[in-house]
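# Per-entry structural report
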Amino acid sequence: TILAALDDEQRAVATAVRGPVCVIAGAGTGKTRAITHRIAYACSIGVMDPQRVLAITFTTRAAGEMRTRLRSLGVPGVSARTIHSAALKQLLYFWPKVFGGITPDLLSSKPPFITAAIERTDLKLARNQRETVRDVANEIEWAKVNQISPVDLINSGRRPRGKIDLGDIAKVYDAYETLKKQERVIDFEDLLLLTTAMLKNEPEVRERVHEQYRYFTVDEYQDISPIQQRLINAWLGNRDDICVVGDPAQTIYGFAGATPNFLLNFTERFPNAEVIKLTTGYRSTPEITFAANALIRSSQIGQELTVSNEHGELPALTEYKTEG
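These notes cover the structure that comes with them. For clarity, every value in this text was computed on a predicted model and none was experimentally measured.

### Here's the deal with the sheet that holds strand 2 (residues 53–57)
- Taken together, six strands build an open sheet; the order of strands is 3-2-6-7-1-8 and the sheet is parallel. Each of the sheet's edge strands pairs with one partner strand only, and the pair in question is strand 3 (79–82) and strand 8 (274–278). Averaged over all adjacent pairs, the angle separating strand axes in this sheet is 15°, with direction ignored.
- Running at roughly 170° to strand 3, helix 3 (residues 60–72) makes contact with strand 2 and strand 3 of the sheet.
- Running at roughly 160° to strand 6 (residues 215–218), helix 11 (residues 226–236) makes contact with strand 2, strand 6 and strand 7 (242–246) of the sheet.

### Looking at unusual backbone geometry
- Non-glycine residue Arg184 carries a positive phi angle of around 55°.
- As for its position among the elements, Arg184 is in the loop between helix 8 (166–183) and strand 5 (185–186).
- Of note in the backbone geometry, Glu220 takes a positive phi value of approximately 50° without being a glycine.
- Within the element layout of this structure, Glu220 appears in the loop between strand 6 and helix 11.
- Using a relative accessible area of 23% as the deciding quantity, one classes Glu220 as partly exposed.

### Thoughts on a nonpolar patch on the surface
- Together, Ile252, Tyr253 and Phe255 make up an exposed nonpolar region whose accessible area comes to about 280 Å².
- Following the sequence through the fold, Phe255 ends up in the loop between strand 7 and helix 12 (261–264).

### Examining the packing of helix 5 (residues 111–121) against helix 8
- Across the interface, helix 5 lies against helix 8 with an axial gap of 8 Å and an inter-helix angle of 115°. Regarding the angle of helix 5 to helix 8, the classification is roughly perpendicular. Crossing angle aside, the handedness with which helix 5 passes helix 8 is right-handed. Residue-level inspection shows Phe113, Ile114, Ala116, Ala117, Ile118, Arg120 and Thr121 of helix 5 in contact with helix 8, the latter providing Lys171, Val172, Ala175, Tyr176, Thr178, Leu179, Lys180, Gln182 and Glu183.
- Grouping the constituent residues of the contact of helix 5 with helix 8 by class yields nine nonpolar, three polar and four charged.

Rules behind the numbers
- Residues numbered from 1 in each chain as written.
- Predicted model: local features only at pLDDT ≥ 70, side-chain atom pairs only at ≥ 80, totals over all residues.
- Heavy atoms only, no water.
- Pairing = 2+ DSSP bridges.
- Helix = DSSP H or I, 4+ residues; strand = E, 2+ residues; numbered from the N terminus.
- Axes fitted to C-alpha atoms, helices over the stretch in contact; angles between N-to-C directions.
- Contact = heavy atoms within 4.5 Å.
- Buried < 20%, exposed > 50% of the residue type's maximum accessible area, 1.4 Å probe, protein only.
- Patch = residues over 30% accessible without salt bridge, like charges linked within 9 Å, V, L, I, M, F, W, Y side chains within 5 Å.
- Areas by Shrake-Rupley, 256 points an atom, 1.4 Å probe, with all protein chains shown as cover.
- Salt bridge = Lys/Arg side-chain N within 4 Å of Asp/Glu carboxyl O.
- Parallel < 35°, antiparallel > 145°, perpendicular 65-115°, else oblique.
- Left-handed = near helix turned anticlockwise from the far one by under 90°.
- Nonpolar A, V, L, I, M, F, W, Y, C, P; charged D, E, K, R; others polar.

Quick look at the structure:
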């Protein structure tokens, strides 16, 4: 009954319950349905223990949707979280033993600290302009996810967004890190770095986490950043029970360090991986799908889709002279 509602491609995903699996899934092809049914089916036949499954999604909303679907499929014990949520839970649990002292607060928003860091550097970066602060925050985030220090940022060859000098960004970056230490806060990038370091440097912690989580699913894998991949590697260890799902044509967080290379090169790391493509689009009209296929052909990135819906209106192209 778990497999009854799936098409042939989705069923191939759901029944690929062992070893490394890579699913290339275009928009609207039912990837969430496929991967949740894969987990439910694997648990139903005894291949997976639901208590030892960690399903990583990109947003809190997506994690909630996955938990709802898994409950409806009879596996409520699966842990479905964002990567930051999973990291935070582990870091807070082990912090007293590993790091000691008071647990730092998690910085939910960078702009106030970026503004304060700009003031500390005495740089004239139009600190009251929201766009400038946002651009500086994005550059710092990019540097941190690629593990580039303030000193190394200057020589990185990075071309910043906007009209901000890379040397000035490095100065703000350095002041930002100092300010966080003084205020005993960590940002989301620190969260991933600290959790990864904890797993690598503390054998007892690593063993306990590896015992807790044995089977992994990573959604939106095209938007994984280098430090997120390092944490996934630390969770996985030398095992290969991982299923990744993504579409290289849908990378939207490249400005923050995300890259589709981990998805595209998955079979280089796991030569025995089973690669399955979801190619039937259920979300869009043929007109939209055909237009998207044309773009995919021109870029040579992504998976073209077949159509299943009724015809609709032709897409319209409108040009504007300004961003406003």
